[in-house]
Amino acid sequence: MSATAQPGLRGKRILLAKPGLDGHDVGAKVIALALRDAGADVIYTGLRKSPAYIAQAAVDEDVDALGLSILSGSHVELVAQTFDELAARGAGDMAVFVGGTIPAADREALEALGVKGVFNSDMRLADVVAQVARALA
Amino acid sequence: MAISRAAASSVAEALTAPNTAPGAAPVIGVTGAPGAGKSTLIGRLVARRVRDDRTMAVLAIDPSSPRSGGSLLGDRIRMEAISGDPRVYIRSLPSAGAHDGLTDNIAEVLGVLDAFGFGEVLIETVGVGQAEYGVRALAAAEVLVLMPGAGDYVQAMKAGIIETADIFVVNKAELPGAERLEAELLAVLERREVKAPVIRVSAVSDEGVAALSEAIDAFLQESRERETQAARQRFRLQSLVQRRLREVLDQVACEQWRLPLADLYCSVLKRL
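Residues and elements named next belong to chain A. Among the six residues in strand 3 (residues 65–70), six count as buried, and that is most of the element. The two faces of strand 3 match: Ala65, Gly67 and Ser69 on one face and Leu66, Leu68 and Ile70 on the other face are all buried. The pairing of strand 1 (residues 13–17) with strand 3 spans four bridges and is classified as parallel. When the sheet's bridge partners are listed, Leu15 is paired in strand 3 with Leu66. Judged from the six bridges that link them, strand 3 and strand 4 (residues 95–100) form a sheet pairing that is parallel. Bridge pairing links Leu66 to Val96 in strand 4.

As a further point, take the domain arrangement of chain B. Residue and element names in this part refer to chain B. Under the domain assignment, chain B is made up of domain 1 (2–227) and domain 2 (233–271). In this structure, domain 1 and domain 2 have C-alpha centres spaced 31 Å apart. Contact with domain 1, which involves eight residues of that partner, is made by nine residues of domain 2. Sort the elements by how many residues they give to the side of domain 1 that touches domain 2 and helix 2 (residues 11–16) lands first, with three residues.

Another point: the sheet that holds strand 1 (residues 27–32) of chain B. Strand pairing within a sheet occurs via backbone hydrogen bonds; the two strands may be parallel or antiparallel. Residues and elements named next belong to chain B. Here we have seven strands laid out as an open sheet, ordered 4-2-5-1-6-7-8, and parallel in their pairing. At either end of the open sheet lies a strand with only one pairing partner, and these are strand 4 (88–94) and strand 8 (198–200). Across this sheet, the average inter-strand angle for adjacent strands is 20°, counted without regard to direction. On the sheet, helix 3 (residues 38–49) packs against strand 1, strand 2 (56–62), strand 4, strand 5 (120–124), strand 6 (141–146) and strand 7 (167–170) and is oriented at approximately 170° with respect to strand 5. Of the strands in this sheet, strand 6, strand 7 and strand 8 are in contact with helix 6 (residues 178–189), which crosses strand 8 at around 175°.

Residue and element names in this part refer to chain A. The N-to-C vectors of helix 2 (residues 51–60) and helix 3 (residues 75–88) enclose an angle of 45°; their axes lie 8 Å apart at closest approach. In terms of orientation, helix 2 and helix 3 fall into the oblique class. Here helix 2 runs over helix 3; the crossing is right-handed. Residue-level contacts link Pro51, Ala52, Ile54, Ala55 and Ala58 of helix 2 to Leu78, Gln81, Thr82, Glu85 and Leu86 of helix 3. Partitioned by chemical class, the residues of the contact of helix 2 with helix 3 number seven nonpolar, two polar and one charged.

What counts and what doesn't
Residues numbered from 1 in each chain as written. Chains lettered and ligands numbered in written order. Predicted model: local features only at pLDDT ≥ 70, side-chain atom pairs only at ≥ 80, totals over all residues. Buried ≥ 20, exposed ≤ 12 C-beta atoms within 10 Å, placed from the backbone. Helix = DSSP H or I, 4+ residues; strand = E, 2+ residues; numbered from the N terminus. Pairing = 2+ DSSP bridges. Domains from an automatic or database assignment. Contact = placed C-beta atoms within 7 Å. Axes fitted to C-alpha atoms, helices over the stretch in contact; angles between N-to-C directions. Parallel < 35°, antiparallel > 145°, perpendicular 65-115°, else oblique. Left-handed = near helix turned anticlockwise from the far one by under 90°. Nonpolar A, V, L, I, M, F, W, Y, C, P; charged D, E, K, R; others polar.

In structure tokens, the structure reads:
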């Protein structure tokens with residue numbers, strides 16, 4: 001399961017967060033470990049954080065990327081709110097990735113908001129890590 | 001941004017960085033074994049100490065993987081008590097190449113923080129064993145967090161980190177074995193020249209956190225005169241030399257390792 005080292009991720013800071021109310025973070029933790037094993041410094045916020053808290057943490061921690069794990073179905077609203085909160089803190093250009101149960105029909109809406117990558121559970125872990133590494137290179 | 005730059009700077013960059021006037025804000029070091037409850041305790045402690053006229057910064061260090069170089073920094077999760085308080089700044093840092101419970105460039109990061117005028121800075125070390133007491137050189141007050149079931153650990157620590165701490169916390173005091181730990185700790189500390197308070201805390205219920213905060217105040221008051229600037233400068237110099245040594249050792253070519261030890265020693269020293 002472990003991903004191979006990605007030289008491009010070495011020293012990169014990535015915040016993984018779970019906005020909203022769903023209480024399942026196995027996926028977020030699997031991604032966190034894979035990114036760590038690929039060489040990144042991964043900060044995990046824990047469950048049920050508000051978009052405002054997540055945006056502030058991303059700015060305070062000066063991260064290179066923000067990963068949002070959402071299984072509740074309200075991904076479009078939560079991602080839009082998170083971008084608003086980031087913009088309010090001067091970080092509207094943050095590289096944001098979204099993972100979870102995202103119907104194909106919503107992918108475009110998320111990308112229109114500025115999301116750099118949308119990941120579903122049927123993707124290979126190594127591909128997710130490689131895509132994040134490419135985006136941050 | 002400035003903190004990231006300071007945290008990631010090379011030895012050469014650290015040397016050319018402006019020499020910040022250290023010691024503007026008192027540094028409180030919180031250290032202890034993995035799982036002792038440092039993060040939760042810090043959340044409670046900072047919630048109690050922060051005021052409108054005393055903003056606080058927390059540097060929370062977690063270990064870097066020696067294999068991948070990556071890290072999983074999860075201390076924030078346990079600091080619920082201060083999550084979202086605009087008067088508190090939390091920064092998670094990987095230990096990187098440091099093996100003293102801290103992180104490379106911690107002194108430089110503290111220098112950058114000084115410029116922001118925080119009232120106090122807390123450092124949470126990585127979970128430490130018996131001898132990683134690097135935080136001693138940087139902290140005006142060092143708090144060692146222990147938990148029940150660590151009695152043998154106290155015995156084993158007699159000569160290590162237990163000698164350097166200023167304040168001792170018996171955390172998870174609601175668990176069985178807390179009284180025994182406290183008794184063992186007091187017995188060991190009796191032999192110490194400088195007396196140190198032992199405080200029972202239950203970070204989950206906030207019990208004892210007020211007493212700990214008062215003990216920190218009392219210690220800071222008393223130790224105000226102590227010269228921490230020289231200690232911090234010495235620590236900074238030592239960590240830069242150690243990092244430079246790692247750089248040089250990484251450059252030693254494979255075939256050179258067969259040379260006599262004395263020759264290697266001389267050649268490495270020359271390249272420092």
